[in-house]
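Next come the chains, spelled out residue by residue.
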Amino acid sequence: MNVLRGYKKDDEDGSGGSPFQGLEKTTVLQEARSFNSNTINARKCAVVLTKILYLINQGTVFSTLEATETFFAITKLFQSKDVTLRRLVYLAIKVMSSMAEDVIIVTSSLTKDMTGKEEMYRAPSIRALCSITDNAMIQAIERYMKQAIVDRNPSVASAALVSAMSILHKGGGEVVKRWVNEAQEAVSSDNIMVQYHALGLLYHLRKHDRLAVSKMVNKLTKSSLRSPYAYCLLIRIACKVLESEERKSESSLYDFLENCLRHKSEMVVYEAARAMVNIDNVTARELQPAVSVLQLFLGSPKPTMRYAAAKTLSRIAMVHPASVTSCNMDLETLITDSNRSIATLAITTLLKTGNENNVERLMKQISSFMTEISDEFKTVVVDAIHSLCLKFPRKHHVLMTFLANMLRNEGGADYKKAIVNTLISIIEENSEAREAGLAHLCEFIEDCEYVDLAIRILHLLGREGPKTANPYQYIRFIYNRVILEKPPVRAAAVAALAKFGASCDELLDSAIVLLDRSVILTMQ
């Protein structure tokens, strides 16, 4: 914006941060007194207005008196013919309308601009006027709003449609319902945003009437919308209607979703695929068209499309993993994607859809990039490995070794907790994995900085250790905790030793000796 040109040099010098950082409300309110000057300096006033908007956006609280005085001072700026300043005035009126009192004083000025010949003023003045108009005053501007909805200027029509939705949400539904004919006319507009906003208004007017919504959707699905945004909204509305139908796959709306998979806009195609995935009780056969489209998106040059496709396929894999196996080759190529979010989604999806023969190869591929992603994504991978271990219990050795290596690497508490929880869960659900899992956890507590995790592992050792073929091997790790750790961990270690003595006759004498030593250590 031109008013900020004076700050450009500071930004280029690398001073960093916002040019308005450190602003004080009192100072800005004093500067706002310049609005009352007989000669308005448009550039200076625009900078002050920008500061006020910045403070409001940052959460600065204006008292009712401060907001009202500032609001009335801002109304004096209608004298200026500067376009940039006038647009900032509209924005300030809209933002401050909920803070100040007697804001209706600018109604006549805004109505004049709304119906004037200056195109730059009309759209923002409509938004500002509707933000200060209460339900009792809507009828006074109804005629102007109807004209604006079907205006030839797309920005004016969109502003009127969006403002109508705002009025609707404020309780002015009875008046807005009378604008249905104009909204229906706007749906036929050549402008993509006007068509999108008009469809949104029509839906909000009819959303409580299921029959009316169904008729609207059936009518629009047979027509050809120009706007991809309107198509996406129509797909979402169609899905809501489809939820109430019993035989969804035989519905004409389901055919509409399949037809949208062949739309020229990638946005519409993805929205249709996502909608089909979200249908309740959808079968693998019904998902196949959506999976085929998402597979094509995996090779898209656009990172957003690759990410969206990988995320949706990951969701499908949770319910119908066999449906996604055809995409495994494409997903494997994404493991080396420069976008780590995409690579993580690809890995987790492969872990859900992979077979027993390629588990080792997947683990090798994953290990190459685990150090490059955040703990949040690492936790997602851990959860996927847990599911894979339950699916292929004979591969527990490979998977648990991988988790143990992850446990030794750097990471936060939540990440470490996720790995420990996964290892404990595998031990409890697969008896063959017990000894290997306990060995990995014993190594971890030798250098564990998290008290709660150490206590939980010691409790597990006390419960599962005596059941193993050679329980004696765990005594050393437990006793080391008695000597070296903090009191809560030492208490857990003593309890674990007692369980070994109580459960294993051959270890009873050794456990008593160690417990006696523990008492001596505590008394020292």
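Residues numbered from 1 in each chain as written. Predicted model: local features only at pLDDT ≥ 70, side-chain atom pairs only at ≥ 80, totals over all residues. Heavy atoms only, no water.

Participant: Can you explain the environment of threonine 221? Please cite residues and give values.
Facilitator: Mapped onto the fold, threonine 221 is located in helix 13 (residues 210–221). Once the C-alpha coordinates of threonine 221 and aspartate 255 are considered, the two residues, 34 residues apart in sequence, prove to be 9.9 Å apart. The contacts of threonine 221, once residues within four sequence positions are left out, are Leu234, Leu253 and Phe256. Looking at threonine 221, its side chain comes within polar contact range of the main-chain oxygen of asparagine 218, at 3.0 Å. (Helix = DSSP H or I, 4+ residues; strand = E, 2+ residues; numbered from the N terminus. Contact = heavy atoms within 4.5 Å. Polar contact = N/O pair within 3.5 Å; in protein donor to acceptor, adjacent residues only side chain to side chain.)

Participant: Report on the pattern of salt bridges, specifying residues and quantitative values.
Facilitator: Side chains carrying opposite charge are able to pair once their charged atoms draw close together. Enumeration over the complete set of coordinates arrives at 17 salt bridges. For the salt bridge of arginine 122 with glutamate 119, the shortest nitrogen-to-oxygen distance reads 3.5 Å. Here arginine 122 and its partner glutamate 119 are both found in helix 7 (residues 119–132), 3 residues apart, which amounts to about one turn of the helix. The residue arginine 122 makes a salt bridge to aspartate 151 at a minimum N-O spacing of 2.7 Å. With a gap of 29 residues between them, arginine 122 in helix 7 and aspartate 151 in the loop between helix 8 (138–149) and helix 9 (154–169) connect regions that are remote in the sequence. For aspartate 151, a relative accessible area of 22% corresponds to the partly exposed category. (Salt bridge = Lys/Arg side-chain N within 4 Å of Asp/Glu carboxyl O. Buried < 20%, exposed > 50% of the residue type's maximum accessible area, 1.4 Å probe, protein only.)

Participant: Describe the packing of helix 13 against helix 15 (residues 252–260), and please don't skip the residues or the numbers.
Facilitator: Packing of helix 13 against helix 15 leaves a shortest axis separation of 11 Å and a crossing angle of 40°. Taken together, the axis directions place helix 13 and helix 15 in an arrangement best described as oblique. When you trace helix 13 past helix 15, the crossing you get is left-handed. Facing helix 13, whose interface residues are Val217, Asn218 and Thr221, helix 15 presents Ser252, Leu253 and Phe256. Its residues assigned to classes, the contact of helix 13 with helix 15 shows 3 nonpolar, 3 polar and no charged. (Axes fitted to C-alpha atoms, helices over the stretch in contact; angles between N-to-C directions. Parallel < 35°, antiparallel > 145°, perpendicular 65-115°, else oblique. Left-handed = near helix turned anticlockwise from the far one by under 90°. Nonpolar A, V, L, I, M, F, W, Y, C, P; charged D, E, K, R; others polar.)

Participant: Could you give an account of the packing of aromatic side chains, with specific residues and numbers?
Facilitator: What the rule picks out here adds up to 6 aromatic pairs. With a centroid separation of 6.3 Å and an interplanar angle of 75°, the aromatic rings of phenylalanine 71 and phenylalanine 72 are classed as edge-to-face. Relative accessible area serves as the criterion here: at 27%, phenylalanine 72 is assigned to the partly exposed category. Centre to centre, the rings of tyrosine 231 and phenylalanine 256 are 6.5 Å apart; their planes meet at 15°, and the pair counts as stacked. Here tyrosine 231 is found in helix 14 (residues 228–243), whereas its partner phenylalanine 256 is found in helix 15, with 25 residues between them in sequence. Judged by relative accessible area, which is 6%, phenylalanine 256 ranks as buried. What links up through ring pairs into an aromatic cluster is the set Phe78, Tyr90 and Tyr121. For the cation-ring pair, lysine 25 lies above phenylalanine 62, with the distance from its terminal atom to the ring centre recorded as 5.7 Å. Its end group placed over the ring of phenylalanine 477, arginine 476 keeps NZ or CZ at 4.2 Å from the ring centre. (Phe/Tyr/Trp six-rings, centres within 6.5 Å; stacked < 30°, edge-to-face > 60°. Lys NZ or Arg CZ within 6 Å of the ring centre and 35° of its normal.)

Participant: Go over the side chain of serine 97 with me, naming the residues and quoting the values.
Facilitator: In this structure, serine 97 sits in the loop between helix 5 (83–96) and helix 6 (107–114). A polar atom in the side chain of serine 97 sits 2.9 Å from the backbone oxygen of lysine 94. Not counting residues up to four positions away in its chain, the partners in contact with serine 97 are Val103, Ser131 and Ile132.

Participant: Quick one: what's the story with the confidence of the model for the protein chain, residue by residue and with numbers?
Facilitator: Scored by pLDDT, the protein chain has a mean of 84; 94% of the residues are at 70 or more. Predicted confidence for residues 1–14 stays below pLDDT 50, and this span has 18 contacts to residues more than four positions away or in other chains. (pLDDT = per-residue confidence, 0-100.)

Participant: Please give an account of the nonpolar core that cites residues and values.
Facilitator: Grouped together as the largest cluster of nonpolar side chains are 183 residues, with contacts concentrated most on Phe35 and Leu351. Ranked by the residues each element gives to this core, the list is headed by helix 14, at 11 residues. Look past the residues within four positions of leucine 351 in its chain and what remains in contact with it is Leu362, Met363, Ile366, Val381, Ala384, Ile385 and Leu388. (Core = buried A, V, L, I, M, F, W, Y, C linked by side-chain atoms within 4.5 Å.)

Participant: Residue-level account of the packing of helix 7 against helix 9, with values.
Facilitator: Axis separation between helix 7 and helix 9 bottoms out at 9 Å; the angle between their running directions is 0°. Put simply, helix 7 runs roughly parallel to helix 9. Residues Glu119, Arg122, Ala123, Ile126, Arg127 and Cys130 of helix 7 lie in contact with helix 9, whose contacting residues are Ser155, Val156, Ala159, Ala160, Ser163 and Ile167.

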